[in-house]
Amino acid sequence: MKTPTALFAALAAVLLVGGLSACGGEPEVVVTAPARGERLTVTEAMIDAVKPASAVVASRDLGEARARIPGTLSELNVREGDTVRQGQIIGLVTDNRVGLETAAYGAQVAAAEAEAARARADLSRIQTLFDKGIYAQARLDQSVAASRAADAQVRAARAVRSASAETGAQGRILAPTSGRVLAADVPAGSVVNAGQSVATITAGPLVLRLELPEAQGRNLRVGQGVIISSEDLPGVSAGTIAQVYPATTAGQTIADISVPGLNSDRVGQRVTVQVPVGQRRALVIPRRVVASRYGIDFVRTVDRAGHVSEAPVQLGGPAGADRVEVLSGLAAGDVVLAPEPTR
């Protein structure tokens, strides 16, 4: 006699066979198509450690337009933002004493010229009398020496007058270089000293000046690439470190970033940049294996059985030429499937 459990198992088998017969078919078999495309194994690699920082649009060099003589700034012909050329007169410093001195030296020149004319006339008369045998040779020599001394006094007076006139001409303030005026904050009518800066002018190409703590700045190298926020500088996305200054100021390392086509008129504008400050290990995959749909990034993965599935991943920044960093969604050793090239 059969037990209840055996009867239940036999009844279930009869129902299953009957159901399959009633459907008029056989059990369904799932066939997995072979995965097509290049298979790549996810591995760790050394990439640049990137740090967000703030850089300032600056001129590589600055030229100071300075007063060369003390006096009153009677004219200032430029304002902030104006473009000037090298040698252009941008201001004038006047000193009334220089004009008076030049006039006094001019009077001395006139007196010296009159004295020289008198000495030449005396020499002519003495030369005539000497030729007739009236004066001795000593008297002629004395007259020649007096005439030469008078001519020398004329040359000396003219030189002093020219020096005084040149001092007055040095009141013109010239632009030391061609560029844009950054500061011209000394108003006309102010008293200035010799060597005082009246205007600051850009000199050389514009760069992005970067300051980093010395612990991170020691890893900066000339030629490294820098990513620039396109929101701060439209049309500009990357630059190159052109110079790292050897001196450290207040614990900060200073570097200049060269940016092709940088034509910002706002010197002093702050720009967000991504700077490499070392290296670290990270999961890196080619950009071409990533597909984006509805704002989510997916990667096709292949398991050991050959089944293909899509895994959502979170990506970091670029990790070199056509490579991206994977923050989550994959692990080292996973196999990803690259799409087949289109024909």
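Residues numbered from 1 in each chain as written. Predicted model: local features only at pLDDT ≥ 70, side-chain atom pairs only at ≥ 80, totals over all residues. Heavy atoms only, no water.

Trainee: Looking at this structure, how should I read the packing of helix α2 (residues 96–131) against helix α3 (residues 137–169)?
Mentor: The relative placement of two packed helices comes down to the angle between their axes together with the axis-to-axis distance. Running from amino to carboxyl end, α2 crosses α3 at an angle of 165°, the nearest separation of the two axes being 8 Å. Here α2 lies roughly antiparallel to α3, going by the angle between them. The interaxial crossing formed by α2 with α3 has left-handed handedness. Tallied by class, the residues present in the contact of α2 with α3 amount to 17 nonpolar, 11 polar and nine charged. (Axes fitted to C-alpha atoms, helices over the stretch in contact; angles between N-to-C directions. Helix = DSSP H or I, 4+ residues; strand = E, 2+ residues; numbered from the N terminus. Parallel < 35°, antiparallel > 145°, perpendicular 65-115°, else oblique. Left-handed = near helix turned anticlockwise from the far one by under 90°. Nonpolar A, V, L, I, M, F, W, Y, C, P; charged D, E, K, R; others polar.)

Trainee: What should I look at first to understand the environment of N219 in this one?
Mentor: Residue placement: N219 occurs in the loop between α4 (214–217) and β10 (225–228). Measuring from C-alpha to C-alpha, the distance between N219 and Q279 comes to 9.4 Å, with 60 residues separating the pair along the chain. Those residues in contact with N219 that sit more than four places away from it in its chain are Q224, V277 and G278. (Contact = heavy atoms within 4.5 Å.)

Trainee: Before we go on, may I ask you to explain the side chain of T200 in this structure?
Mentor: The topology assignment puts T200 in strand β9 (residues 197–213). Since its relative accessible area comes to 14%, T200 is described here as buried. Filtering out sequence-adjacent residues up to four positions away, T200 remains in contact with L62, G63, E64, R180, V181, L182 and A183. (Buried < 20%, exposed > 50% of the residue type's maximum accessible area, 1.4 Å probe, protein only.)

Trainee: So what exactly am I meant to see when it comes to the pairing of strand β15 (residues 296–302) here?
Mentor: Walk down a regular strand and you will see the side chains alternate between the two sheet faces. Within β15, five of the seven residues are buried, which leaves it mostly tucked inside the rest of the structure. Connecting strand β14 (residues 290–293) to the antiparallel partner β15 that follows it, the hairpin turn spans two residues, and Y294 within it adopts a positive phi of roughly 55°. Sheet topology places β15 next to strand β18 (residues 335–337); two bridges connect them, and they run antiparallel. Among the inter-strand pairings, V302 is bridged to a residue of β18, identified as V335. (Pairing = 2+ DSSP bridges.)

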